[in-house]
Amino acid sequence: MSEVWDLRLYVAGETPKSVAALANLKTFCEAHLAGRYKIEVIDLVEHPGLARIDQILAIPTLVRRRPSPVRKIIGDLSNTERVFKGLELIR
Amino acid sequence: MSTADPITENLTAEVKILRSRLWEAEETLRAIREGEVDALVINERRGEKVYTLKGADRTYRLMIEEMQQGTVSLTADGRILYGNTGFSRIVKLPLDRLTHSLLQQLVIPEHHALFESFLRRGWTEGRSQGEVILVAADGTRIPVSLSFKTLSLGEGVSTLQVVVTDLTEQKRIEELLVSEDLARAANIAKDQFLATLSHELRTPLTPVMAVVSELERDPRLPADIQESLAMVRRNVELEARLIDDLLDLTRISRGKLELERGTTDLREVIRHAVRTCCTQETAAGRLHVVEELAAADHTVWADAPRLSQVFWNLLTNAVKFTPDGGTVRIRSWMETGSEPDTLAVQVADTGIGISPDVLPQIFSAFDQGERGTARRFGGLGLGLTISRAIMERHGGSLTAASEGSGQGAVFTARIPFSAEPVRLAETAADSAAAPGEEDAGEPERSLHILLVEDHADTAHAMATLLSAFGHQVTVAASVAEALAAAAQAESLDVVVSDLGLPDGTGHDLMRELAARHGLRGIALSGYGMEADIQKSHEAGFAKHLTKPIDIAVLRSALRQIARAER
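Sequence order as written defines residue numbering, which begins from 1 separately in each chain. Written order determines the labels here, with chains lettered from A and ligands numbered from 1. In keeping with the model being predicted, local features are shown solely for residues with a pLDDT of at least 70 and side-chain atom pairs are shown and tallied solely at 80 or more, while totals for entire chains, interfaces and linings include all residues.

Regarding the overall build of chain B
- Here a helix means four or more residues in a row that DSSP labels H or I, a strand means two or more in a row labelled E, and each is numbered from the N terminus. When you go through chain B residue by residue, the secondary structure sums to 18 helices and 21 strands.
- Put plainly, a residue is buried at 20 or more neighbouring C-beta atoms within 10 Å of its own, exposed at 12 or fewer, and partly exposed in between, counting only other residues' C-beta atoms, which are placed from the backbone. For chain B, the proportion of its 566 residues judged to be buried stands at 30%.

Examining the overall build of chain A
- For chain A, the helix and strand inventory stands at two helices and five strands.
- Mapped in sequence order, the helices and strands of chain A form the string β-α-β-β-β-β-α.
- Here chain A holds 91 residues, and the buried ones make up 30% of them.
- Throughout, a pair of residues is in contact if the C-beta atoms placed from their backbones lie within 7 Å. Looking at chain A alone, contacts between residues at least 24 apart form 61% of all its contacts between residues at least 6 apart.

Things to note about the environment of B:Ile142
Residues and elements named next belong to chain B.
- Locating Ile142 in the fold gives a position in strand E6 (residues 141-152).
- Between the alpha carbons of Ile142 and Lys171 there is a distance of 9.9 Å; along the sequence they are 29 residues apart.
- What Ile142 contacts, discounting residues up to four positions off in sequence, is Ile90, Ile133, Leu134, Ala136, Asp166 and Thr168.

Here's the deal with the environment of B:Pro143
All names here are of chain B.
- For Pro143, the location among the structural elements is in strand E6.
- Counting along the chain gives ten residues from Pro143 to Ile133, while the straight-line C-alpha distance between them is 4.3 Å.
- In contact with Pro143, not counting residues within four places along its chain, are Glu131, Ile133, Leu167, Thr168 and Lys171.

Structural notes on the interface of chain A and chain B
- The interface of chain A with chain B comprises 19 residues on the first partner and 16 residues on the second.
- Here the nonpolar group is Ala, Val, Leu, Ile, Met, Phe, Trp, Tyr, Cys and Pro; Asp, Glu, Lys and Arg are the charged ones; every other residue, Gly included, is treated as polar. Across the side of chain A that touches chain B, the residue classes tally to eleven nonpolar, four polar and four charged.

Notes on unusual backbone geometry
Residue and element names in this part refer to chain A.
- The omega angle of the peptide bond from Ile59 to Pro60 is 0 degrees, so this bond is cis rather than trans.
- Counting through the fold element by element, Pro60 comes out in the loop between strand E3 (58-59) and strand E4 (61-66).
- Here the bond from Ser68 into Pro69 is cis, since omega is 0 degrees, no more than 30 degrees from zero.
- Along the chain, the position of Pro69 falls in the loop between E4 and strand E5 (71-74).
- The phi dihedral of Gln55 falls on the positive side, at around 50 degrees, and the residue is not glycine.

Topic: the packing of helix H15 (residues 479-488) of chain B against helix H16 (residues 506-517) of chain B
Residues and elements named next belong to chain B.
- Axis lines are fitted to C-alpha atoms, over the contacting stretch for helices. Their N-to-C directions set the angle, which ranges from 0 to 180 degrees. Relative to each other, H15 and H16 sit at 15 degrees, their axes nearing to 10 Å. With respect to each other, H15 and H16 are oriented roughly parallel. For H15 against H16, the interelement crossing comes out right-handed. Each of Val479, Ala482, Leu483 and Ala486 in H15 lies in contact with H16, whose residues at this interface are Asp508, Leu509, Glu512, Leu513 and His517.
- Taken together, the residues that form the contact of H15 with H16 break down as six nonpolar, one polar and two charged. To sort the angles, those under 35 degrees are grouped as roughly parallel, those over 145 as roughly antiparallel, those from 65 to 115 as roughly perpendicular, and the leftovers as oblique. Helix crossings get a hand from a simple test, with the near helix turned counterclockwise from the far one by less than a right angle marking a left-handed crossing and a clockwise turn marking a right-handed one.

Some details on the nonpolar core
All names here are of chain B.
- Each nonpolar core consists of buried Ala, Val, Leu, Ile, Met, Phe, Trp, Tyr and Cys residues. Their C-beta atoms, within 7 Å, join them into a set. Ile270, Ala273, Val274, Phe311, Leu315, Val328 and Val347 are the most contacted members of the largest nonpolar core, which has 41 residues in total.
- Every element with two or more residues in this core is listed here: helix H9 (266-283), strand E10 (299-302), helix H10 (304-321), strand E11 (327-335), strand E12 (342-349), helix H12 (383-393) and strand E14 (409-416).
- Here this core takes nine residues from H10, the largest share from any one element.
- With near-sequence residues (within four places) excluded, Ala273 lies in contact with Ser308, Phe311, Trp312 and Leu315.
- If you look at the next biggest cluster of nonpolar residues, it comprises 36 residues, including Ile449, Ala461, Ala482 and Leu545.

Some details on the sheet that holds strand E15 (residues 448-452) of chain B
Residue and element names in this part refer to chain B.
- Reading across the sheet, the five strands line up as E16-E15-E17-E20-E21 and stay open at both edges, with parallel pairing between neighbours. The open sheet has two edge strands, strand E16 (472-476) and strand E21 (543-546), and neither has a second partner. Within this sheet the neighbouring strands show an average axis-to-axis angle of 20 degrees, counted without direction.
- Pairing between strands requires that DSSP locate at least two bridges from one strand to the other. Pairing between E15 and strand E17 (residues 494-498): four bridges, direction parallel. Looking at E17, one finds that Leu451 is bridged to Val496.
- Where helix H14 (residues 456-468) meets the sheet, its contacts fall on E15 and E16, and the angle it forms with E16 comes to roughly 165 degrees.

Here we look at the sheet that holds E14(B)
Residue and element names in this part refer to chain B.
- Pairing in this open sheet of five strands is mixed, and the strands run E9-E11-E12-E14-E13 from one edge to the other. Lying at the two open borders of the sheet, with one neighbouring strand each, are strand E9 (288-292) and strand E13 (397-402). Across the sheet, the mean angle from the axis of one strand to that of its neighbour is 15 degrees, orientation sign disregarded.
- H9 rests against E9, E11 and E12 of the sheet, and its axis sits at about 170 degrees to E9.
- Sheet strands in contact with H10 are E11, E12 and E14, and its direction is about 20 degrees off that of E12.

Things to note about the pairing of strand E2 (residues 37-43) of chain A
All names here are of chain A.
- Here strand E1 (residues 5-11) pairs with E2 via seven bridges, running parallel. Of the residues in E2, the one forming a bridge with Arg8 is Glu40.
- We call a crossover right-handed when, viewed with both strands directed away from the observer, the connection leading from the first strand over the helix to the second proceeds clockwise. The β-α-β motif built from E1, the intervening helix H1 (residues 16-32) and the parallel element E2 has right-handed crossover chirality.

Side note on H1(A)
Residue and element names in this part refer to chain A.
- Between its first and last C-alpha atoms H1 spans 24 Å; for 17 residues at 1.5 Å apiece the expected length is 24 Å, and the two agree.
- By the burial criterion, the buried members of H1 are Lys17, Ser18, Ala21, Asn24 and Leu25. Along H1, the residues classed as buried sweep out an arc of 130 degrees about the axis, all on the same side. H1 presents Thr27, Glu30 and Ala31 as exposed residues on the side facing more than 90 degrees away from its buried surface.
- In this structure, the buried residues of H1 make contact with E1, E2, E3 and E4. Take the residue count of a helix, subtract one, and multiply by 1.5 Å to get its expected span. To obtain the arc, one takes the directions from the helix axis to the C-beta atoms.

What about the environment of B:His394?
All names here are of chain B.
- Residue placement: His394 occurs in the loop between H12 and E13.
- The sequence separation of His394 and Leu307 amounts to 87 residues, and the corresponding C-alpha distance is 9.3 Å.
- With residues near it in sequence (within four places) discarded, His394 still touches Leu259, Ala302 and Ile415.

Side note on the confidence of the model for chain B
All names here are of chain B.
- A residue-level look at chain B finds 86% of positions with pLDDT of 70 or above and a mean pLDDT of 80.
- One confidence number per residue, pLDDT, is output by the predictor and ranges from 0 to 100. Here residues 367-380 scores under 50 on pLDDT; set against residues more than four positions off or in separate chains, the count is 16 contacts.
- The ipTM for the predicted assembly is 0.85, set against a pTM of 0.38.

Right, dumping it as structure tokens:
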């Protein structure tokens, strides 16, 4: 599986959980998806309209756009186990 | 199989979508509850808007999650919408097991009706409160206080908020308090019992003591009878001492051990104790008794009879527990450096010793080493408890040490070295009344004594003795007889009266006699508590003597009264 993981993280400016989620995500990807991921950070404070694309309700939310199907993980990604499960990543 | 029914296929897809939406909703709730989310996107008419959760909200949420109390939101049908960590902790169930279950299921069946009434009142009146018992997942019963309050969520939806307070600890403390009260009451009852018991035990000893000590002095009796009499007297004295110990113990446990202090030569006290306890043993060659008292001044401000009681106890124990050929060593030394200087007196023996597990308990009442020891040596084991209390009352201490069984024991008593009164207020009047050696040589003045005593043997023995000392004695056995005798008598000097009389109390009698004839009096009582003495003084008695009556003390009291009358 050499497919690149397309991840999108929705944040709200620099709220503590947004900052924490981005940091947790980077750490996770470097550990388990090194060299085959890209992260797009969308700040909904600046572009609230973009929430509609992925029907975002709570922030922070991580969306796995690829590989399909689309999956969401809500929260600050502090629980690594839940991130594994949410991304359906096989260790 | 591959030719699947299109309707089924559609339904399956729909279920999948519904499931994923449900999962997403649950995930969102979980993330909010666990504080992993701090902003929400709200759809408004003019488009999406982002609301970030301000610090205050986070604080409240954290507070609710972390608080010791449980909080639960209930739906109209009594199901749990949400419970916090505190509640989960109280009932020992994870939150996901609690959500959507009926709160009532956790209430013990006997309290279901009660619980329902709280719920009903909560919904109808907006708030209610009460206590029930819950059952935790591990089966423990948890008393809780429930406080209900309705909360409107808008759009006609309401929940019932319940704050759950665990009362386990509180109930435990309440129970402890109750049992402590009971224990205190039992203790008072025990003290009362001991006081009454010692009174009952003392009374019959009085006539025996009186007659025996008189007979002992009778030169007409042959030596072997004298010896037997001495033995009888010693044993009666021992009996009296055991009874005194019981009475002392009740004083100690009530914190009422009073001292009558005076300038005391501790060296004399120690030597006297050695003479009484050890002379026989040494003479019989059974033990070596070594006395090594420091050359320093041994003057202390103390209650001499109480201190001799301590050394008597320590030496008697040492002698009792040391086998033939052993050594009992009593030494004293001055300890300087701490303020004030301390005089230490040590009694060391080469006896059976004390095992380390027993050592910490030897100062507790009724303990006497191992059971086996108690059987071999008899006695109640009150001496050490009393001795320690006496030393502590003097501002000193009593400690014990032993290398173990068979290694001997060392007891060290310490007392502040101070010839001066430590506290001047201490019962100066009473210490003046202590059995006086100062007037021992004074010639007896003949008195006319009204002796009121309903115990015939005691009355007879005392009347005989008092007559022998040159007094004129009129005996009465009741209040009525005493008043009649007083009215008839030409000249009465003093009334000596028992307090418990068949037709009234000695106190009433004393008040009457003092009012009618201006008589002075001496009370005789089996009770020697401070309150008893106080009561006698209030009734007009000049002296209060405790049974068994030591004839020398009675004579001294009579002399003092005679002197005061002159």
